[in-house]
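# Residue-level structure breakdown
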Amino acid sequence: MVKKVLLFFVGLSLVFALAACNSTDKKNDSAASTNKTLYDQIKAKGEVTIGTEGTYAPFTYHDKNDKLTGFDIEIATEVFKRLNIKPKFIETKWDGMIAGLDAKRYDMVANEVAVRPERLQKYDMSNPYIASKAVLIVKSDNTAIKSLDDLKGKKVGQSLDSNYRVVAEQHGATNTVVDGFNQAIDLLTSNRIDGTINDSLSYLDLKKQRPELPIKVVYTEPNATQNAFLFRKDNPDLVKAVNKALADMQKDGTYLKISKKYFGEDVSK
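Remember, predicted model here, so these are calculated numbers, not experimental data. (Residues numbered from 1 in each chain as written. Predicted model: local features only at pLDDT ≥ 70, side-chain atom pairs only at ≥ 80, totals over all residues. Heavy atoms only, no water.)

## Brief notes about the sheet that holds strand E8 (residues 134–139)
Strand pairs in the sheet, formed through backbone hydrogen bonds, run parallel or antiparallel to each other. A sheet is described by the order of its strands in space; here three strands give the open sequence E11-E8-E12, paired in antiparallel fashion. Every other strand in the sheet has two partners, leaving strand E11 (196–199) and strand E12 (215–220) as the edge strands with one partner each. Taken over all neighbouring pairs, the strand axes of this sheet differ in orientation by 40 degrees on average, direction set aside. Contacts between helix H7 (residues 181–189) and the sheet are confined to E8, E11 and E12, with E8 contributing the most and set at about 30 degrees to the helix. Against the sheet, helix H8 (residues 200–209) makes contact with E8, E11 and E12, and its axis sits at roughly 95 degrees relative to E11, the strand it touches most. (Pairing = 2+ DSSP bridges. Helix = DSSP H or I, 4+ residues; strand = E, 2+ residues; numbered from the N terminus. Axes fitted to C-alpha atoms, helices over the stretch in contact; angles between N-to-C directions. Contact = heavy atoms within 4.5 Å.)

Right under this line is the structure:
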């Protein structure tokens, strides 16, 4: 009888020991998973999700076959090709794009995002890969607006989360919220707004695609804005890998080839 009791307690002890081991293993597995960086997770999946507009030519837009393409799309695709990771682009409106990054709807943003001090406080950004200047666009027959100061009391069309909106409003303009550059141009040509501020490269591409548009540039900002990929904060290994791929692309001529395809020149300078 004593022997049976002893065997029972020995068996019970083994059960508890095994349960404890399993519990510890699960905790260790969970801890290991938690300790993985975003870049580790991306490499494990073999896929990175990228927020982009899809309506902002020539950076991110749909071609005549409705395929997502553009300068940012090709640059990002080439970057992750070199990292053996498949990019998955998630299209969203600009005004909700950064909020989508905060909500972890995607891993990063590729959409000609300007490098600004306030952004760098909250986000990580890659090394700049586009240098562009802001331009003020009005209708061809407009003689009243010649500079930003002339926007006082005038109507502009800018995206809600755009830095250009801030600039226009600082100069006394009233803003009509638009989804993107194309909508702003439509409002401008139909006389519903007086002007819009946007990227010089986008303007040049638009005039190349639609030379008949009755619009002109009356002011160009003297200092270029640097633009880069946007990431959530504290992802240094992912940013480092992207920066290396960008640098390699510039060294071997791949970046210049893509840049000339869309702009006819090197737009990183």
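## Some details on the pattern of salt bridges
Within this structure, the stated rule accounts for 11 salt bridges. Close ionic contact of Glu74 with Lys261 constitutes a salt bridge, the shortest N to O distance being 2.5 Å. Of this pair, Glu74 sits in helix H3 (residues 71–82) while Lys261 sits in helix H10 (residues 254–263), and the two are 187 residues apart along the sequence. Residue class for Lys261 comes out exposed when judged on its relative accessible area of 53%. One salt bridge connects Asp248 with Lys244, and the closest N-O pair in it is separated by 2.9 Å. Taken as a pair, Asp248 and Lys244 lie in helix H9 (residues 236–252) at a separation of four residues, close to a single helical turn. Taking relative accessible area as the criterion, Asp248 reaches 26% and is therefore assigned partly exposed. On the basis of relative accessibility, which here comes to 53%, the residue Lys244 falls in the exposed class. (Salt bridge = Lys/Arg side-chain N within 4 Å of Asp/Glu carboxyl O. Buried < 20%, exposed > 50% of the residue type's maximum accessible area, 1.4 Å probe, protein only.)

## Re the packing of aromatic side chains
Tallied over the entire structure, the rule returns seven aromatic pairs. Clustering of aromatic rings is evident, with ring pairs tying together Tyr56, Phe59, Phe71, Tyr129, Phe229, Tyr255, Tyr262 and Phe263. The cationic tip of Lys43 hangs over the ring face of Tyr39; the distance from NZ or CZ to the ring centre is 4.4 Å. (Phe/Tyr/Trp six-rings, centres within 6.5 Å; stacked < 30°, edge-to-face > 60°. Lys NZ or Arg CZ within 6 Å of the ring centre and 35° of its normal.)

## Some thoughts on the confidence of the model for the protein chain
When pLDDT is low, close inspection of the predicted coordinates is not appropriate. Considering every residue of the protein chain, the mean pLDDT works out to 89; 87% of them sit at 70 or more. Low pLDDT, under 50, characterises residues 5–10; the predicted model gives this stretch zero contacts beyond four residues in sequence or across chains. Ignoring residues within four places in sequence, the model shows residues 29–33, a span with pLDDT below 50, making zero contacts including any to other chains. (pLDDT = per-residue confidence, 0-100.)

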